[in-house]
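The lines below spell out each chain.
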Amino acid sequence: MAAVRKVLIQGAGIGGLTLAAALGQRGVQVDVAEAVGSDAVLGVGLNQPANVLAALDEIGVREACLNIGFPFEELVLWNPLGEQVAAIPPPDGVYAKPSNNAIGRPAYNQILREAADKAGARIRTGVTIWEMHEDADGVEVELATWTGKRTPPIRDAGAGSNRYDLVVGFDGVRSKIREHLFGDKYAPAFTGSANWRVTLPRPDYLEHIVVAFAAGVKVVLTPTSRDDMYFGLVTPEPGKPRHAPEDFLDLFRERTRPFSGRLGELRDSITPDHTIVYTPLEYLTVREPWFRDRIAIAGDAAHTSPPHLSQGAAMAVEDAVTLAAALDQHDGLPDALDAWYRRRRDRALFVADASLALLKQENGDELTAADHELLRQVVPNAQVRLFTEAY
Ligand SMILES: Cc1cc2nc3c(=O)[nH]c(=O)nc-3n(C[C@H](O)[C@H](O)[C@H](O)COP(=O)(O)OP(=O)(O)OC[C@H]3O[C@@H](n4cnc5c(N)ncnc54)[C@H](O)[C@@H]3O)c2cc1C
């Protein structure tokens, strides 16, 4: 590949591992620096819509995801009594069926990790970038030991440095690479809502994603394998309260009190032995080129949105496979990065903005004219756009 021979990726999340696999498969030497150790809790599950299944096919892992996950077609609406009121079929688009495949996050990460390993990427965990020095021909990078989100990394004076043609920050919403490029210009904004998720055994009747609303709370039931599902909630949490983990179960029960029938039965099956994951929902969009010279950001580092279209990780994967393709297709790095950013910008920002507009509508927040315009395009019309336009 003429544009790059050696690349460093910061972050071995969904986007970083996809890029590592895509570049490694093209013969690029790839190092990945991941802060968190390999025993990290990876969260619950997520949905892979048809567009990301197509992108994952490019690195050869689509079938593995379908084998482990739970493919489905419809979005099913229930009333608060747990009774079906509607089923929304997916639009026909440019991508192959299934329209969706939900999967556990640890399984998804494992599949991507194996693909990256097989492609020859060298993945180091427990490390982060300490220092970067850029010149016309490359970036000199020194790594350090990661000690936690609130404590500084520890420099290993004897570790030395490595030189790269390109450094890519796939390091999530609190990206240090974004900070390196833009200082404090961009910071994630709290949306006013949070997400609660807990993994439960999948009941036989749950064969599609199910959504129900009551008293400002949205319930989402997602089958993630033949055996498992997750029970998710989106709740307004004004002021971004810091709930204590020991209170999660009581708060979960309180927030789902308006739901009964099958929804009540599922709620009542949650015990103190279950792990409830609580995530305040954030929004961030970088509205200028996601790169400068030899350093770029992608995925949540460049555009983070609430999960209302199930497309955040899908955008990270699309960013990764299109970046690898652009680096392959262009001889010069500036041309490759510019072409990649232009290809990605509108689609990724549409997902972020439409997801936020949907959250505001569900919360009963005041909507702008731009929000109304976006809402005309959201579910299922957002799927029409995302499925019928190639990434
Ligand atoms: C509640 C919820 C539900 C969601 N559901 C869906 C869904 O159904 N479908 C979907 O497509 N998306 C979904 N998303 C969005 C999805 O999780 C993200 O968009 C996706 O994980 C972004 O991938 P990424 O690789 O860009 O970043 P991340 O997954 O955040 O990965 C970043 C990686 O970088 C590492 N890192 C961070 N800082 C450093 C550092 N300084 N040094 C080294 N490493 C570092 C982190 O440890 C992490 O491994 C959901 C999000 C939430 C919050």
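Cut-offs and rules
Residues numbered from 1 in each chain as written. Predicted model: local features only at pLDDT ≥ 70, side-chain atom pairs only at ≥ 80, totals over all residues. Heavy atoms only, no water. Core = buried A, V, L, I, M, F, W, Y, C linked by side-chain atoms within 4.5 Å. Buried < 20%, exposed > 50% of the residue type's maximum accessible area, 1.4 Å probe, protein only. Helix = DSSP H or I, 4+ residues; strand = E, 2+ residues; numbered from the N terminus. Contact = heavy atoms within 4.5 Å. Near = heavy atom within 4 Å. Polar contact = N/O pair within 3.5 Å; in protein donor to acceptor, adjacent residues only side chain to side chain. Areas by Shrake-Rupley, 256 points an atom, 1.4 Å probe, with all protein chains shown as cover. Nonpolar A, V, L, I, M, F, W, Y, C, P; charged D, E, K, R; others polar. Domains from an automatic or database assignment. Phe/Tyr/Trp six-rings, centres within 6.5 Å; stacked < 30°, edge-to-face > 60°. Lys NZ or Arg CZ within 6 Å of the ring centre and 35° of its normal. Arc of directions from axis to C-beta. Pairing = 2+ DSSP bridges. Axes fitted to C-alpha atoms, helices over the stretch in contact; angles between N-to-C directions. 1 Å grid on protein atoms, 1.4 Å probe; cavity = no way out; pocket = protein on both sides within 12 Å on 5 of 7 lines; lining within 4 Å. Points joined across faces, edges and corners; volume = space filled by probe spheres on them.

(A) Structural detail: the nonpolar core. Grouped together as the largest cluster of nonpolar side chains are 87 residues, with contacts concentrated most on Leu-19, Tyr-108, Val-141, Val-167, Ile-297 and Leu-327. Here the element with the most residues in this core is helix 9 (residues 333-363); it accounts for 11 residues. Apart from residues lying up to four places away in sequence, Leu-19 is in contact with Ile-9, Val-168, Phe-170, Ala-320, Leu-323 and Ala-324. Membership of the second largest hydrophobic core comes to 26 residues, among which are Val-210, Leu-221, Leu-251 and Ile-270.

(B) Structural detail: the site of the ligand. The local shell around the ligand holds 32 residues, among which Gly-15, Glu-34, Asn-47, Thr-128 and Asp-300 are the closest. Residue Gln-10 places a side-chain N or O atom 3.4 Å away from a nitrogen atom belonging to the ligand. Here an oxygen atom of the ligand sits 2.9 Å away from a polar atom, N or O, in the main chain of Gly-15. Within the complex, the protein chains bury 85% of what would otherwise be the 1,000 Å² of accessible surface of the ligand. Among the elements that line the shell around the ligand, the one with the most residues is helix 8 (residues 312-329), at four residues. Class assignment of the residues belonging to the shell around the ligand gives a composition of 13 nonpolar, 13 polar and six charged. A domain-level breakdown of the shell around the ligand finds at least three residues from each of domain 1 (6-70 + 96-187 + 283-388) and domain 2 (191-281).

(C) Inspection of the packing of aromatic side chains at higher detail. As enumerated under the stated definition, the model contains nine aromatic pairs in all. Considering the side-chain rings of Phe-182 and Tyr-186, the 5.4 Å spacing of their centres and the 85 degrees angle between planes classify their relative orientation as edge-to-face. Just as Phe-182 is buried, Tyr-186 falls in that class too. Relative to Tyr-278, the ring of Phe-248 has its centre 5.6 Å away and its plane inclined at 45 degrees; by these criteria the two rings are tilted. Placement of the pair is Phe-248 in helix 6 (residues 248-255) and Tyr-278 in strand 18 (residues 276-285), with a sequence separation of 30 residues. The pair Phe-248 / Tyr-278 is uniform in exposure class, with both members buried. Among the aromatic side chains, those forming a connected cluster through ring pairs are Trp-196, Phe-248 and Tyr-278. One Lys or Arg, Lys-6, reaches over the ring of Tyr-164 and ends 4.9 Å from the middle of that ring. Against the face of Tyr-205 rests Arg-262, its NZ or CZ located 3.8 Å from the ring centre.

(D) Looking closely at helix 6. Turning to helix 6, its buried residues are Phe-248, Leu-249, Leu-251, Phe-252 and Arg-255. All buried residues of helix 6 lie within an arc of 165 degrees about the axis, which places them on one face of the element. Where helix 6 is buried, its residues meet strand 14 (189-201), strand 16 (217-223), strand 17 (228-236) and strand 18.

(E) Representation of the environment of Thr-199 within the structure. Assignment of secondary structure puts Thr-199 in strand 14. Separated by 25 residues in sequence, Thr-199 and Thr-224 place their C-alpha atoms 9.1 Å apart. Discounting chain neighbours no more than four positions away, the residues touching Thr-199 are Val-44, Asp-228, Met-229, Tyr-230 and His-274.

(F) Region of interest: the pairing of strand 18. Counting buried positions along strand 18 yields seven of 10 residues, so the element is predominantly enclosed. Across seven bridges, strand 14 lies against strand 18 in antiparallel orientation. The residue bridging Asn-195 from the neighbouring strand is Thr-279, located in strand 18. Judged from the two bridges that link them, strand 18 and strand 21 (residues 303-304) form a sheet pairing that is antiparallel. Of the residues in strand 21, the one forming a bridge with Thr-285 is His-303.

(G) View of the side chain of Ser-99. Tracing the sequence through the fold places Ser-99 in the loop between strand 6 (84-88) and strand 7 (100-104). The class for Ser-99 is buried, based on a relative accessible area of 2%. Polar contacts involving the side chain of Ser-99 include one to the side chain of Glu-73, which spans 2.5 Å. Beyond its immediate stretch of four places on either side in the chain, Ser-99 contacts Gln-48, Pro-49, Ala-50, Phe-72, Glu-73, Pro-90 and Phe-387.

(H) The arrangement of the sheet that holds strand 3 (residues 45-49) in detail. With antiparallel pairing, the three strands of this open sheet are ordered in space as 3-7-4. Of all strands in the sheet, those with a lone pairing partner are strand 3 and strand 4 (70-72), marking the two edges. When the angles between neighbouring strand axes are averaged without regard to direction, this sheet yields 25 degrees. As defined by bridge partners, strand 3 adjoins strand 7 across five bridges and the pair is classed as antiparallel. What sits directly across from Leu-46, in strand 7, is Ile-103. Strands strand 3 and strand 7 of the sheet are contacted by helix 4 (residues 105-118), whose axis makes an angle of about 95 degrees with strand 7.

(I) Structural context of the layout of surface pockets. In this model, the second largest pocket occupies a volume close to 230 Å³. If you go around the second largest pocket, you meet 16 residues; those closest to its centre are Gly-43, Val-44, Gly-45, Pro-106 and Thr-199. Counting only elements with at least two residues in the lining of the second largest pocket, the list comes to strand 14 and strand 17. The dominant element in the lining of the second largest pocket, judged by the number of residues it contributes, is strand 17, at three residues. Classifying every residue of the lining of the second largest pocket by side-chain character gives eight nonpolar, seven polar and one charged. Summarising the domain contributions, the lining of the second largest pocket has at least three residues from each of domain 1 (6-70 + 96-187 + 283-388) and domain 2 (191-281).

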